[in-house]
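Secondary and tertiary structure notes
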Amino acid sequence: MEKRPVGRFAPTPSGRMHLGNVFAALLSWLSPKSRGGDWILRMEDLDTLRTKAEYAELLRDDLRWLGLDWDLETEAQSLRSAVYDRYFEELKEKNLLFPCYCTRSQLHNVNAPHLSDGTYVYAGTCRNLTEAQRAEKKRLPSWRVMVPDREFALTDLIQGDYRENLLTDRGDFVVRRADGVYVYQLAVTVDDGESGVTEVVRGWDLLGSAPRQMYLQELFGFRHPEYAHIPMLMAPEGRRLSKRNQDLDMGALRTRLKPEQLIGVLAHAAGLTETAAPISAVELATVFDWAKIEGRTEIVVTELDTLYR
């Protein structure tokens, strides 16, 4: 018997939702709802300097306006440090953690190994330091988890096959910063695992995070969810639509459009409908199919003018 689908939307409440956030929320809602599943809302507010409670409430209000009702809102990440502590200690008990004293400039040194997108591959600099060498360090360390020399592979619902050897393509990665704050990879893995999430829908730019999270899922005993890394939204002239375009945040969009109009434009751009005619989220769920979006890393919103009227 197929397990009941459980999707989630996990925004960072650091400002008003923009068009890309709306697109991610819509697709993450449509996928489980089209199959009678549940949708979870979670506020990813680990960065307490950028996030605010009033932004979280605006996010909730915008989702209600769009007709994207959630079945459960889980505890915000800023309240879950004690939970993350337990999983951190589990990694430590397995002798998989080590302190890293590298500075940002050392990590990004031009002579260090880098991936094609410019991100660095951790060279294992602090992995085998002796206790005496660690005692000589004059800075608080971040903490990294040791990764195996092993390939992790997935078949993304949109992007297809993706694989990484964690040791050679990524290196040991940080799970807790020097200031004690847990990082995205650990927090997301724990939250999704404990919530029973069966599918993760998020932006294409986060595809490279999946192998690291799959590794942590194995260590913590969680099942791997399905992944759908959705295309980026683009304007017809080629610029990426993001929060830098303040006229496309929800505060402005709600003054000009009805929710069905906004959903209609996004549905048509994604190829889910033949026209950009207004449609509700509930109606769209009856025709939703990942195959209509498969293989795309960018989606051009050709009816962009509609959003400015």
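This report concerns the structure included in the present document. Because the structure is predicted, anything quoted here is derived from the model rather than measured.

Scanning the protein for helices and strands turns up twelve helices and twelve strands. Since a compact globule built from 309 residues should have a radius of gyration of about 19 Å, the 21 Å found for the protein is in line with a globular shape. With the principal axes as the frame, the protein shows a C-alpha extent of 65 × 45 × 40 Å. A buried classification covers 52% of the 309 residues belonging to the protein. Sequence-distant contacts in the protein: of pairs separated by 6 or more residues, those separated by 24 or more amount to 76%. Carbon together with sulfur atoms contributes 49% to the accessible area of the protein, which is approximately 14900 Å² in total. Distance between charge centres in the protein, computed from 40 positive and 46 negative side chains, equals 4 Å.

With that settled, consider the environment of Glu298. Locating Glu298 in the fold gives a position in strand β12 (residues 298-300). Under the relative-accessibility criterion, Glu298 is labelled partly exposed at 48%. As a C-alpha pair, Glu298 and Glu131 span 167 residues in sequence and 49 Å in three-dimensional space. If we skip the residues at most four places from it in the chain, Glu298 touches Pro231, Met232 and Met234.

Let us now look at the sheet that holds strand β3 (residues 72-73). Pairing is parallel across the open sheet formed by three strands, whose spatial order is β1-β2-β3. In this open sheet, the two edge strands, each paired with only one partner strand, are β1 (6-9) and β3.

Taken as a whole and assessed by the stated rule, the structure comprises ten aromatic pairs. Between Phe9 and Trp39, the ring centres sit 6.1 Å apart and the planes meet at 15°, which makes this aromatic pair stacked. In this pair, Phe9 sits in strand β1 while Trp39 sits in strand β2 (residues 38-41), placing the two residues 30 residues apart along the sequence. Given a relative accessible area of 0%, Trp39 falls into the buried group. Between Tyr87 and Phe220 the ring centres are 4.8 Å apart and the planes differ by 70°, which places this aromatic pair in the edge-to-face class. Linking Tyr87 in helix α3 (residues 81-93) with Phe220 in helix α8 (residues 210-220), this pair joins segments that are 133 residues apart in sequence. With a relative accessible area of 11%, Tyr87 lands in the buried category. These aromatic residues form a ring-pair network of at least three members: Tyr84, Phe88, Trp143 and Tyr182. Sitting over the face of the ring of Tyr122, Arg144 holds its NZ or CZ atom 3.8 Å from the ring centroid.

The rules behind these values
- Residues numbered from 1 in each chain as written.
- Predicted model: local features only at pLDDT ≥ 70, side-chain atom pairs only at ≥ 80, totals over all residues.
- Heavy atoms only, no water.
- Helix = DSSP H or I, 4+ residues; strand = E, 2+ residues; numbered from the N terminus.
- Rg over C-alpha atoms; globule rule 2.2 N^0.38 Å.
- Buried < 20%, exposed > 50% of the residue type's maximum accessible area, 1.4 Å probe, protein only.
- Contact = heavy atoms within 4.5 Å.
- Areas by Shrake-Rupley, 256 points an atom, 1.4 Å probe, with all protein chains shown as cover.
- Lys, Arg positive; Asp, Glu negative; His and termini not counted.
- Charge placed at Lys NZ, Arg CZ, Asp CG, Glu CD.
- Pairing = 2+ DSSP bridges.
- Phe/Tyr/Trp six-rings, centres within 6.5 Å; stacked < 30°, edge-to-face > 60°.
- Lys NZ or Arg CZ within 6 Å of the ring centre and 35° of its normal.

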